Amino acid sequence: MEGKNELVNWFTQWNNSDNKVDYWEIKEIGFDEASKAAFVEWRFKCLYDAQEYGWDGASIKMKQNKFFPTEAKKQRKCKGIQGRT
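Described below are features of the structure shown in this document.

The rules behind each value
Residues numbered from 1 in each chain as written. Predicted model: local features only at pLDDT ≥ 70, side-chain atom pairs only at ≥ 80, totals over all residues. Heavy atoms only, no water. Helix = DSSP H or I, 4+ residues; strand = E, 2+ residues; numbered from the N terminus. Buried < 20%, exposed > 50% of the residue type's maximum accessible area, 1.4 Å probe, protein only. Contact = heavy atoms within 4.5 Å. Areas by Shrake-Rupley, 256 points an atom, 1.4 Å probe, with all protein chains shown as cover. Pairing = 2+ DSSP bridges. Core = buried A, V, L, I, M, F, W, Y, C linked by side-chain atoms within 4.5 Å. Phe/Tyr/Trp six-rings, centres within 6.5 Å; stacked < 30°, edge-to-face > 60°.

1. What about the overall build of the chain?
The helix and strand inventory of the chain stands at 1 helix and 4 strands. Counting helices and strands in the order they occur from the N terminus, the chain gives α-β-β-β-β. Here the chain holds 85 residues, and 21% of them are scored as buried. In the chain, the share of contacts with a sequence separation of at least 24, taken over all contacts with a separation of at least 6, comes to 33%. Counting every atom, the chain has about 6800 Å² of accessible surface; 52% of that belongs to carbon and sulfur.

2. What about the pairing of strand E2 (residues 37-48)?
Taken together, the 11 bridges between strand E1 (residues 20-32) and E2 define a ladder with antiparallel strand orientation. Across the sheet, valine 21 pairs through a bridge with cysteine 46, a residue of E2. Hairpin remark: E1 followed by E2, antiparallel, with 4 residues in the connecting loop; positive phi at lysine 36, about 55°. Strand direction decides the pairing type here: E2 and strand E3 (residues 51-61), joined by 11 bridges, are antiparallel. Residue alanine 38 lies in a different strand from E3, and its bridge partner there is lysine 61. Taking the residues between adjacent antiparallel strands as the criterion, E2 and E3 are bridged by 2 residues, where aspartate 49 takes a positive phi near 55°.

3. A look at the nonpolar core
Here is a general trend for soluble globular proteins: nonpolar side chains tend to be buried in one another's company. Residues Trp14, Trp42, Phe44, Cys46, Tyr53 and Trp55 constitute the largest nonpolar core, which totals 6 residues. With residues up to four places along the chain from it excluded, the contact list for cysteine 46 reads Trp14, Lys20, Val21, Asp22, Gln51, Glu52 and Tyr53.

4. Some thoughts on the packing of aromatic side chains
Given two aromatic rings, one states the distance between the centres and the angle between the planes to describe the pair. Under the defined criterion, the tally for this structure stands at 3 aromatic pairs. When the centroid spacing of 4.9 Å and the interplanar angle of 75° are considered together, the rings of tryptophan 24 and phenylalanine 44 count as edge-to-face. Residue tryptophan 24 is found in strand E1, and its partner phenylalanine 44 is found in strand E2; the two are separated by 20 residues along the sequence. Between phenylalanine 44 and tryptophan 55, the aromatic rings sit 4.9 Å apart at their centres with planes inclined by 50°, giving tilted as the arrangement. Linking phenylalanine 44 in strand E2 with tryptophan 55 in strand E3, this pair joins segments that are 11 residues apart in sequence. Among the residues examined, phenylalanine 44 registers a relative accessible area of 8% and is labelled buried. Ring pairs connect the aromatic residues Trp24, Trp42, Phe44 and Trp55, which therefore count as one cluster.

Structure (structure tokens):
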């Protein structure tokens, strides 16, 4: 599987420290009947390696049974993003 070593490395680093997910908000869920594709748009905020990060992203599921996570914006510090109200 392509990227497996990177995923294992990230998962190990994430779970061996004081990192935490502040929130992972689902903004929209949709389905396109013509292409048989489902999508989820989300906003993510976390504390990683003592720095605050957040970004908007999307995940797409196609009928070919493949999963395509995407990131709408590059990872950045996001002190201005607020949690759910």
